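# Structure at a glance
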Amino acid sequence: MGWVDTHCHLQLDEREPETLLTRAVSVDWVVVPGVDAESSKSAIELASRHPERVLPSAGLHPHDAAAWPDQASDISRLAPEVAAIGETGLDFYRNLAPRADQIAAFRSQIELAIQFDKPIIVHCRDAFSEVFSIVEETGAGPRSVLHCWTGGPRWTRRFMDLGVIFSFAGPVAFETGETVRLGAAQVPPERALVETDTPYLAPPPHRGQPNEPEWVALVGAALAEVWGLPVEQVAAITSSNASRVFRR
Ligand SMILES: [Zn+2]
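Values in this document were obtained by computation on a predicted structure and should not be read as measured data. (Residues numbered from 1 in each chain as written. Predicted model: local features only at pLDDT ≥ 70, side-chain atom pairs only at ≥ 80, totals over all residues. Heavy atoms only, no water.)

## A short note on unusual backbone geometry
In terms of backbone geometry, most residues other than glycine have negative phi values and most peptide bonds are trans. The linkage connecting Gly86 with the following residue, Glu87, adopts the cis geometry, with an omega of 25°. Positionally, Glu87 belongs in strand S4 (residues 84-91). The omega torsion across Thr198 and Pro199 is 10°, close enough to zero to call that bond cis. Structurally, Pro199 can be placed in the loop between strand S8 (192-194) and helix H8 (216-227). One non-glycine residue, Asp117, adopts positive backbone phi at about 50°. Relative to the elements of secondary structure, Asp117 occurs in the loop between helix H4 (99-115) and strand S5 (120-125). The exposure class assigned to Asp117 is partly exposed, which follows from its relative accessible area of 38%. (Helix = DSSP H or I, 4+ residues; strand = E, 2+ residues; numbered from the N terminus. Buried < 20%, exposed > 50% of the residue type's maximum accessible area, 1.4 Å probe, protein only.)

As structure tokens, then:
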């Protein structure tokens, strides 16, 4: 059994998605999240060309949250065709959209996920307490995939109580990733996914290069080390978690 890369923006990469999929020999399938209406449509289109290896997601990234009023109807229309809603969430680190707009777009996308009974892919950067309150209040915990989870032990335990699933990316393998690893140590393998966030966040020894799905194995190997488990077992568990969460 191979890996599942639960978050890679193949449709935003300047390289051909087919090239990256062909190179991903240890990856069974991937999730390609949209960041706006257009990239959500390209994710769906890519998935229709590779139904055996690609699942699409539709959503509006917090960086572009100010566009929600314009894009809401387009993204809602795509909801029945996708495996998940997102990527949505809050980014109070870069603050590329006003916080109130980010919160409004996040809440609306949670409602959409609930309405269509889909998982929701959540970006959370420097916004742990705000994301926590919204997920708690909406009861969306069990359908929430916390993408590129970088929380330390305390936030990890709090979010775990909401029933979320944690998706780990390159930072768990970074030399500077000690906090992420301490957080990951709190997560039972049954509650974890792995991802690359291609083309961003390449894990060592590829840091600084454009990331690609095949390197999800390096993320998985870092998690295996944190948990003291054989790498094959981490691949098997996280891939079966991915099938459960994304219903594949
Ligand atoms: Zn992303």
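## Details of the packing of helix H2 (residues 37-49) against helix H3 (residues 68-78)
Where H2 contacts H3, the axes come no closer than 9 Å and their chain directions differ by 15°. Relative to H3, the element H2 lies roughly parallel. Of the two elements, H2 crosses H3, and the hand of that crossing is left-handed. Contacts between H2 and H3 involve Ala37, Ser40, Lys41 and Ile44 from the former and Gln71, Asp74, Ile75 and Leu78 from the latter. For the contact of H2 with H3, the class distribution of residues is four nonpolar, two polar and two charged. (Axes fitted to C-alpha atoms, helices over the stretch in contact; angles between N-to-C directions. Parallel < 35°, antiparallel > 145°, perpendicular 65-115°, else oblique. Left-handed = near helix turned anticlockwise from the far one by under 90°. Contact = heavy atoms within 4.5 Å. Nonpolar A, V, L, I, M, F, W, Y, C, P; charged D, E, K, R; others polar.)

## Brief notes about the sheet that holds strand S1 (residues 3-5)
Strands sit in the order S1-S2-S3-S4-S5-S6-S7-S8 across an open sheet of eight strands; the sheet is parallel. Unpaired on one side and paired on the other, S1 and S8 mark the two borders of the sheet. Looking at each pair of strands side by side, their axes are set apart by 25° on average, direction ignored. Bridge count for strand S6 (residues 144-147) against strand S7 (residues 165-168) is two bridges, and the pairing is parallel. Within the sheet, the bridge partner assigned to Val145 lies in S7 and is Ile165. (Pairing = 2+ DSSP bridges.)

## Some words on the packing of aromatic side chains
Tallied over the full model, the rule gives seven aromatic pairs. An aromatic cluster of at least three residues, connected via ring pairs, comprises Phe128, Phe132, Trp149, Trp155, Phe159 and Phe166. One residue, Arg158, lies across the ring of Phe132, its end atom 4.2 Å from the ring centre. (Phe/Tyr/Trp six-rings, centres within 6.5 Å; stacked < 30°, edge-to-face > 60°. Lys NZ or Arg CZ within 6 Å of the ring centre and 35° of its normal.)

## Focus: helix H9 (residues 231-245)
Helix length check: H9, at 15 residues, gives a terminal C-alpha distance of 21 Å against a target of 21 Å (1.5 Å per residue), a fit within 8%. Those residues of H9 not exposed but buried are Val234, Ala235, Ile237, Thr238, Ser239, Asn241, Ala242 and Val245. Those residues of H9 that are buried are in contact with S1, strand S2 (27-33), S6, S7, S8 and H8. Where H9 terminates, the next one or two residues include Arg247, which has phi positive at roughly 50°. (Expected span 1.5 Å × (residues − 1).)

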